[in-house]
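Examining the three-dimensional arrangement
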Amino acid sequence: MKTYIAASDTDQKFYSKQFSTFTIDGRVYGIDVMKVQEVTKPLQVTLMKTAPPFIKGLINLRGQIATAIGLRELLGLNPENTIEKMTVVCKVEDVLLSLLVDNIGDVIEVQDSKFESTPHTIPPNIRMFMQGVYKTDTFILSILNLDAILAELDKKCA
Amino acid sequence: MDADLEEFKTEILETLERAEQALLSFDQLPDGQSSKQLYDEVFRAYHNIKGAAGMMEWNELQHHVHQLENILMQSKETASIPKKYLGWFLKGNDVTRSIMSGEPYEFNYDISDAPVLNVLPVEDSHTDTGLEQTTSVVEKEQPPEEFFAEVTEALDRVSSALIHMEADMGQKNLIDALYRDIHSIKGAVQLFGFTEASILSHAMENSLEGVRLQKLEIDKAHVSTLLLCVDLMNQCVQNSNNEETMKEVSFMVSLLVPFTQAIDEQRPAVDEKPSAKLVEVKQEEKPMTVHRSAPAQTTAPTAGASAENEKTDSTIRVQVSLLDRLMTLMGEMVLVRNQVLQYSNKTDDLEFLNLSQKLDVVTSELQEETMKTRMQPIGNILSKFQRVVRDLSGSLNKKINLNLVGVETELDKTLIEAVKDPLTHIVRNACDHGIEIPSDRASSGKSETGTITIKAYHEGGQVIVDITDDGKGLSRDKLLKKALEKGIVDAAKAERMSDREVQALIFAPGFSTAEKVTNVSGRGVGMDVVKSNIERIGGLVDISSTEGKGTKITLKIPLTLAIVPAMIIRSDKDRFAIPQVKLVELVRVDKTQIEFVQGRPVYRLRGNILPLLDMKEVLGTKDGEGFEEAINIVVLNSESHLFGMIVDEILDTADIVVKPLARFLKSISIYSGATVLGDGNVAFIMDVLGIAQKHLGAGTHADTAVTDKYDHSQNELELREFVLVSLGSNTKHAIPLSVVSRMEEIKSSSIELSGYQRVIRYRGGILKIVNLNEILGYTNKLIEKEITQVIVAKVDDQLFGLEVDQIIDVLSTRDFLDDSLSTHHAITGNLVTQNEIIVVVDVDKVFELSVPKKSARKDRSAGGNKILLVEDTDSIRNRVAQGLVENGYDVEVAIDGLDGLKKIAEHKCAFDLIISDIEMPKMNGYEFAKKVRSIAQLKNIPLIAFTTKNSPSELNEAKLAGFNTFLEKSKGKLLNLLVNECLTANKRKSA
């Protein structure tokens, strides 16, 4: 696993954010670290029959029940080479989501000044879940918007 | 009263604490700094205490706090307290505590020897008293939640007291309570600046003054006016400062004037304001030292104070959210407990087994207690119906009495709220449609006053609420006519419907039988809403009525929503939970018995068509056609329609903790939640209602109504149904299906002892287990089984378990029941079928017999039973002996056969039972048993062989030697059970 370290300037600390990073299908995504409850190996999933394909089922997270979400399916990414090795557990509006991802990266700190809105060329089915991008020295980090994901889940399942 | 005083003191101390905090905060500020917020806090606290003390007629306390308040008033303008006076106030607080606890104190009320604050003259401040003072000082602020709760509660008490008083005028204690409540309402609403409400409560209080002093009798008109005031008060508190309400208040106050004036005429000398006397006291104000007043003066509060002293903090208020959190954590703990228990089954580590058992017991208790924290007596809402019934009987010109039974029955807070509306509806219906007008009642030979009884009680882990009226009942003809008009049933079907089915029609949507629509009920919405509301919280509604006699509506409500008993089933590889309340029965049938109607599978369940649904179809996992050879059907009940769901396997029952699904999953309507199973995996909870709606179509009336199930008339040659069982007799025995509630297979190890009664935990309650062999006097094969088959029967609304050797089958028969030959009083007679004779058990009698037996057992306490344990291995001997002692037996131990005989001689044969090992040095078990049997007094003593041997020949030898029965050492846990059985059987024999 490659370690991503952002060039962080201590003077700028107040104007920076931390993101938990992970990859799906080779693409790097980030989620606001404050929204991430924990990162785990995939737990035993109870499949949910009759549910849409991006709902992978339920998992038991030490007595709490989280809904496993297939980000790959939700974002419409390449369904082949699925190597979902990890899950990122987030809490949004009291809903516990367990996002299935391929690999986990580091928590990185980026300055607000490095933020840019999502490029227009990105297809709308992915752009709708994105808050924007942060430019680091080595790569560009796509930030996922959990609220948008939850809103879409509400909409798609209704 | 004691409780009141205690609560009062707790509250005062809390309030005082607030004042203290605020005073201390003043100390943090620069001297002379003003803080309106802190000042008001102190002022409010003192004022509250003064009011409360006055209410409790605790003059000493009231006077003291009044002085504090007066001094504080002087710095009202600046809203500050100079530091040098802070000490005086703090000391004043200490004195308040001393008064409360009845300790002696000294206090100089003169603060003026220090230069007084920037002054308002003292007299100015207390020419105004109570009411005006507060409203002017305290700005209106947003009152806390508790305020509304308290006022509402107090208003409820007021209206119920009024209604009681109306029934029985002149109950002094009621009037006092009433007066006190109104007074405290007054205090509360004043504090938060509800002007209208305070004027109103003041008027109410005044109008009651005469009654309280027993100068006047309260009359009906007065009560009615006061009740209207209560309503208006509610309105005032909900939305204040409304001109409309102000007008209404003035009007209402004018209505109260006659009652108040009546007093004044009789007693012109009455002080206009209750607090006027205080003014006099104040005028004498001068430096003085108060010693503890003579006991005669202080009366009840201080007298009680010393005794109640330690109790003052025995209640605390807790946030509901905290309780919710506790409940959640409790749920987690139950899950962990289940996992531990499951793991403990796999291990032989006795220490661990022991610990896990303890964990089990403690967790169960903890669970119960935690649940209790959220429990509230159902009386909280039932008492409101006094008012409802009173008002309705007035407006309907009927005479109705409401009878409340079991108001102390407790129920989860959220459920109490949920049943309130349905109950109101049912009660209103009973008043409107049920009870007849007095003339009709008289002409049909009933007393003019109708009675509605609401009875609440616990049963089988549920709360049952019966609403019974002695009115005109439901008329089959009228109901059917209506149903035909509304097109709910067709004529052909109407013919065939049983009475219960017809009665259940009132739950059909859009059904109303009232001949005219009144403003009370009869708009065609109602009972169906009642039904769906109750079912939504997992409850059930049932109705039974006799025309001319009355109607009884039964609500069955679960105790709590968080933990529910459920059946775990399997479909393919997944497990699912189905709530027990939705489950009617389990049926296992052969593939060939499934028939098809228009391509849909059905099964004839006791003659009625049961529509079937394949669980795999529901889940969308069905591949291919056809079924397994043997089919498991869970019969489910959805809105009084039965349907069968075909599942792969029926696994187990379990208490599950319901976890809600993420909200976006709710639309997938076949699941109502999820739960974590004992092994840590997640299972979905099936939403029976949702499945029915999705797959059976909402509102379609399936042909099989639930009520039909047991509704078979008892004519001799009618089809009757029995459960066939085998017992310790060669003949098959039959138990009428009508009394059978369920059939269960339980683990023998889950049978516990409650005293001498064998019981199991069953759906949140305790189920008594009665061995049918014992009752009927058959030989009881004491071979221990892992699984015990139990028929859960219901007699007199009570469940009890009948333990049988084996459940064979269900028999539907029209054969003749011959009751001429009954060999036992718990036997009804014989069924003569083509092939055999079957003995029919009289379950009512069995129930009766099992009751006296219980009391008979009681007189022989466990301590009275002395057991001799002969065993050569130290560790086993100690463990077994300890187990027996823990179960209350007296145990004597011997290390081998010879020692055993020695012990017998020493104790002069005074043993009730002997347990012996077989392989022992010096004298083995066989020889020992033979010797024992040769002693005359011990000829019939139960002898249990506790052994590792289990080959038939060895067992036979044991029998020959004189052992009654044996138990393998590996099953040591069952020993207590066996001992108990032997002792009981022996006792029966000798009796």
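Residues numbered from 1 in each chain as written. Chains lettered and ligands numbered in written order. Predicted model: local features only at pLDDT ≥ 70, side-chain atom pairs only at ≥ 80, totals over all residues.

1. Quick notes on the overall build of chain B
Counting its regular elements, chain B contains 32 helices and 35 strands. The 991 residues of chain B split such that 36% are buried. For chain B, contacts bridging at least 24 residues in sequence account for 68% of all contacts bridging at least 6. (Helix = DSSP H or I, 4+ residues; strand = E, 2+ residues; numbered from the N terminus. Buried ≥ 20, exposed ≤ 12 C-beta atoms within 10 Å, placed from the backbone. Contact = placed C-beta atoms within 7 Å.)

2. As for the overall build of chain A
Scanning chain A for helices and strands turns up three helices and twelve strands. Counting only residues that meet the buried cut, chain A has 34% of its 158 residues in that class.

3. Here we look at helix α20 (residues 476–485) of chain B
All names here are of chain B. Of the residues making up α20, those classed as buried are Leu479, Lys482 and Ala483. Buried residues in α20, looked at end-on, bunch into an arc of 100°, giving them a common side. Among the exposed residues of α20, those pointing more than 90 degrees away from its buried face are Asp477 and Glu485. The inward-facing, buried residues of α20 contact α21 (491–496) and α22 (499–504). (Arc of directions from axis to C-beta.)

4. Section: the pairing of strand β15 (residues 641–647) of chain B
Residue and element names in this part refer to chain B. Among the seven residues that make up β15, six are buried, leaving the element largely enclosed by the rest of the structure. By the bridge criterion, three bridges tie strand β13 (residues 608–614) to β15 in an arrangement that is parallel. Paired with Leu613 across the bridge in β15 is Met645. (Pairing = 2+ DSSP bridges.)

5. Remarks on unusual backbone geometry
Even without being a glycine, Asp25 of chain A presents a positive backbone phi close to 55°. Positionally, Asp25 of chain A belongs in the loop between β1 (16–24) and β2 (27–32).

6. Remarks on the interface of chain A and chain B
Counting residues at the interface gives 17 residues for chain A and 20 residues for chain B. Contributing elements (two or more residues each) for the side of chain A that touches chain B: β5 (55–61), β6 (64–70) and α3 (146–157) of chain A. Classifying every residue of the side of chain A that touches chain B gives nine nonpolar, six polar and two charged. (Nonpolar A, V, L, I, M, F, W, Y, C, P; charged D, E, K, R; others polar.)

7. A word on the sheet that holds strand β31 (residues 866–870) of chain B
All names here are of chain B. Read from one edge to the other, the open sheet built from five strands follows the order β32-β31-β33-β34-β35, with strand pairing classed as parallel. At either margin of the open sheet sits one strand with a lone partner, and together these are β32 (890–894) and β35 (965–968). Direction aside, the axes of adjacent strands within the sheet are offset by 20° on average. Here strand β33 (residues 913–916) runs beside strand β34 (residues 943–947); their pairing, made up of three bridges, is parallel. The residue bridging Ser916 from the neighbouring strand is Ala945, located in β34. Most of the contacts of helix α30 (residues 925–934) go to β33, to which it runs at about 160°, and overall it touches β31, β33 and β34. (Axes fitted to C-alpha atoms, helices over the stretch in contact; angles between N-to-C directions.)

8. Points about the confidence of the model for chain B
Residues and elements named next belong to chain B. Within chain B, residue pLDDT values average 75, and 81% of them lie at 70 or more. Contacts from residues 113–140, a stretch scored under 50 in pLDDT, to residues over four places away or in other chains number 44 contacts. Long-range and interchain partners of residues 516–524, a stretch whose pLDDT sits below 50, account for 21 contacts in this model, where long-range means more than four residues apart. On the interface metric, ipTM, the complex scores 0.80, and its pTM is 0.43. (pLDDT = per-residue confidence, 0-100.)

9. Structural notes on the sheet that holds strand β19 (residues 720–726) of chain B
Residues and elements named next belong to chain B. What the six strands build is an open sheet, ordered β27-β19-β20-β30-β29-β28; its pairing is mixed. Every interior strand has two partners, whereas the edge strands, β27 (806–813) and β28 (817–818), have only one. The pairing of β19 with strand β20 (residues 732–736) spans five bridges and is classified as antiparallel. Along β20, the bridge assignment pairs Leu724 with Ala734.

10. Description of the environment of Ile59 of chain A
Mapped onto the elements, Ile59 of chain A comes out in strand β5. Take Ile59 of chain A: there are 22 C-beta atoms within 10 Å of it, and that puts it in the buried class. Taking the C-alpha atoms as reference points, Ile59 of chain A and Val45 of chain A, separated by 14 residues in sequence, lie 5.0 Å from one another. Ignoring sequence-local partners within four residues, the contact set of Ile59 of chain A consists of Leu43, Gln44, Val45, Ala66, Ala68 and Ser98 of chain A together with Val682 of chain B.

11. Considerations on the environment of Glu649 of chain B
Residue and element names in this part refer to chain B. With respect to the element layout, Glu649 can be found in strand β16 (residues 649–657). Measuring from C-alpha to C-alpha, the distance between Glu649 and Ile568 comes to 8.9 Å, with 81 residues separating the pair along the chain. Aside from chain neighbours lying at most four places away, what touches Glu649 is Ile569, Arg570 and Asn632.

12. Focus: helix α9 (residues 195–212) of chain B
Along an α-helix, residues three or four positions apart point the same way, because every turn accommodates 3.6 residues. Residue and element names in this part refer to chain B. Between the first and last C-alpha of α9 there are 25 Å, a value that for 18 residues agrees with the 26 Å anticipated at 1.5 Å per step. The element α9 is largely enclosed, with a buried count of 15 among its 18 residues. The first or second residue beyond α9 is Gln214, which carries a positive phi of 60°. (Expected span 1.5 Å × (residues − 1).)

13. Some remarks on the confidence of the model for chain A
Reading predicted coordinates in detail is not appropriate for stretches of low pLDDT. Considering every residue of chain A, the mean pLDDT works out to 83; 90% of them sit at 70 or more. The low-confidence segment residues 7–12 of chain A, where pLDDT is below 50, has five contacts with residues more than four positions distant or belonging to other chains.

14. Here we look at the packing of helix α14 (residues 320–344) of chain B against helix α15 (residues 350–373) of chain B
Residue and element names in this part refer to chain B. Where α14 meets α15, the axes come as close as 9 Å, and the angle between the chain directions of the two elements is 160°. As the angle between them shows, α14 and α15 are arranged roughly antiparallel. The chirality of how α14 crosses α15 is left-handed. In this structure, α14 uses Leu323, Leu326, Met327, Met330, Met333, Val334, Arg337, Val340, Leu341 and Ser344 to contact α15, whose residues at the interface are Phe352, Leu353, Ser356, Leu359, Asp360, Thr363, Leu366, Gln367, Thr370 and Thr373. Partitioned by chemical class, the residues of the contact of α14 with α15 number twelve nonpolar, six polar and two charged. (Parallel < 35°, antiparallel > 145°, perpendicular 65-115°, else oblique. Left-handed = near helix turned anticlockwise from the far one by under 90°.)

15. Quick notes on the packing of α30 of chain B against helix α31 (residues 952–961) of chain B
All names here are of chain B. Look at α30 against α31: their axes get within 8 Å of each other, and the N-to-C directions meet at 25°. With respect to α31, the axis of α30 lies roughly parallel. Contact residues: α30 offers Tyr926, Ala929 and Lys930, while α31 offers Glu957, Ala958 and Ala961. Residues belonging to the contact of α30 with α31 are distributed by class as follows: four nonpolar, no polar and two charged.

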